[in-house]
Amino acid sequence: MELDVVGPCEEQVHYPSQEEVMKVWKSQLLSGGLEYQKCVQMWAKQAKEKQCIETLTNGEKETQKTCEVGDWILFNPQGGEMYSVSDETFRGRYIPESDENCGRVSRPKTPNAIQDDLDFKPYVSCGKAIGLKMNESDITTFFPDGFFMAKWGEPMRITFRDYLTLSFPNFDEIYRVDGDIFHDTYRLKTDV
């Protein structure tokens, strides 16, 4: 009997699940994290078809998510990331841009491709989050492979310069925000 040798088996990598991350980090975020307000102009459109949205930060894949019909696709010109959220989440975190709500909002230059897509409209983020900056020890101890599972079941990259972020006010999701993007788009709650 002859065997086909195809090389070593792929090693199964275990990324911490959203439940494991919540169990370990939720209390730490609530006790040691700070409350932030997201203050940036976003461009958003409602999805007309199911599609995969890949989020890139600093040229690296952060995560991907299947966007359902009726979900919202958002583009953050401050960092160039694109991602999607449910209609319920969108309506709780974003409002149409107007003169009254833009005083403290960062308005970076938006690529023409987004501005030319007539379905994209400007919105202002009114979302809040509890954030905690990660350090090397946090990553090597809890995220040794540099990923954890996002709420939607896909791996999410995390590094020691990122912020681990707890959704507000429901505290039902932990996600990562790139450190540079976090500094450009979030402000301490006392500053807004």
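Provided above is the structure to which this section pertains.
In what follows, the accompanying structure is described. What you see is a predicted model; the values in this text were computed from it and never measured. (Residues numbered from 1 in each chain as written. Predicted model: local features only at pLDDT ≥ 70, side-chain atom pairs only at ≥ 80, totals over all residues. Heavy atoms only, no water.)

1. Side note on the overall build of the protein chain
Right, on to step 1. Within the protein chain, the regular secondary structure consists of 5 helices and 14 strands.
Right, on to step 2. Per-residue burial over the protein chain gives 43% buried out of 192 residues.
Right, on to step 3. Within the protein chain, contacts between residues separated by at least 24 positions form 68% of all contacts whose residues are at least 6 apart in sequence.
Right, on to step 4. When the accessible surface of the protein chain is totalled, it reaches about 10,900 Å², and 50% of it is carbon and sulfur. (Helix = DSSP H or I, 4+ residues; strand = E, 2+ residues; numbered from the N terminus. Buried < 20%, exposed > 50% of the residue type's maximum accessible area, 1.4 Å probe, protein only. Contact = heavy atoms within 4.5 Å. Areas by Shrake-Rupley, 256 points an atom, 1.4 Å probe, with all protein chains shown as cover.)

2. What about the nonpolar core?
Right, on to step 1. Trp25, Phe143, Leu164 and Ile174 are the most contacted members of the largest nonpolar core, which totals 24 residues.
Right, on to step 2. Looking at this core, the elements that each hand over two or more residues are helix H1 (18-32), strand E9 (128-133), helix H4 (136-142), strand E12 (163-167), strand E13 (174-177) and helix H5 (179-185).
Right, on to step 3. For this core, the leading source of residues is H1, giving 4 residues.
Right, on to step 4. Among residues more than four places away in sequence, those in contact with Ile174 are Gln18, Val21, Met22, Trp25, Lys26, Leu29, Phe148, Leu164, Thr165 and Leu166.
Right, on to step 5. In this structure, Trp72, Tyr83, Tyr94 and Tyr123 belong to the second largest nonpolar core, which totals 10 residues. (Core = buried A, V, L, I, M, F, W, Y, C linked by side-chain atoms within 4.5 Å.)

3. Let's talk about the pairing of strand E8 (residues 121-125)
Right, on to step 1. Sheet topology places strand E2 (residues 41-46) next to E8; 4 bridges connect them, and they run antiparallel. Residue Trp43 lies in a different strand from E8, and its bridge partner there is Pro122.
Right, on to step 2. Examined bridge by bridge, strand E7 (residues 94-96) and E8 share 3 bridges and lie antiparallel to one another. Paired with Ile95 across the two strands is Val124, which belongs to E8. (Pairing = 2+ DSSP bridges.)

4. As for the side chain of Thr55
Right, on to step 1. Position of Thr55 among the secondary structure elements: in strand E3 (residues 51-57).
Right, on to step 2. Not counting the four nearest positions on each side in its chain, Thr55 is found in contact with Glu60, Lys61, Glu62, Thr63, Glu81, Met82 and Tyr83.

5. Regarding the side chain of Asp138
Right, on to step 1. Residue placement: Asp138 occurs in helix H4.
Right, on to step 2. Lys133 provides the closest opposite charge to the buried, salt-bridge-free Asp138, at an N-O distance of 8.5 Å.
Right, on to step 3. Those residues within four positions of Asp138 in sequence are excluded, and the remaining contacts are Trp25, Lys133 and Phe143. (Lys, Arg positive; Asp, Glu negative; His and termini not counted. Salt bridge = Lys/Arg side-chain N within 4 Å of Asp/Glu carboxyl O.)

6. Describing the pattern of salt bridges
Right, on to step 1. The full count for this structure, using the stated rule, is 10 salt bridges.
Right, on to step 2. As a salt-bridge pair, Asp180 and Arg161 come within 3.9 Å of each other at their nearest N and O atoms. In this pair, Asp180 sits in helix H5 while Arg161 sits in the loop between strand E11 (155-157) and E12, placing the two residues 19 residues apart along the sequence.
Right, on to step 3. Relative accessible area serves as the criterion here: at 44%, Asp180 is assigned to the partly exposed category.
Right, on to step 4. When its relative accessible area of 30% is taken as the criterion, Arg161 is described as partly exposed.

7. Brief notes about the sheet that holds E7
Right, on to step 1. Spatial ordering of the open sheet is given by E6-E5-E2-E8-E7, a layout of 5 strands whose pairing is antiparallel. The open sheet is flanked by strand E6 (81-85) and E7, the only strands paired with a single partner. Direction aside, the axes of adjacent strands within the sheet are offset by 40 degrees on average. (Axes fitted to C-alpha atoms, helices over the stretch in contact; angles between N-to-C directions.)

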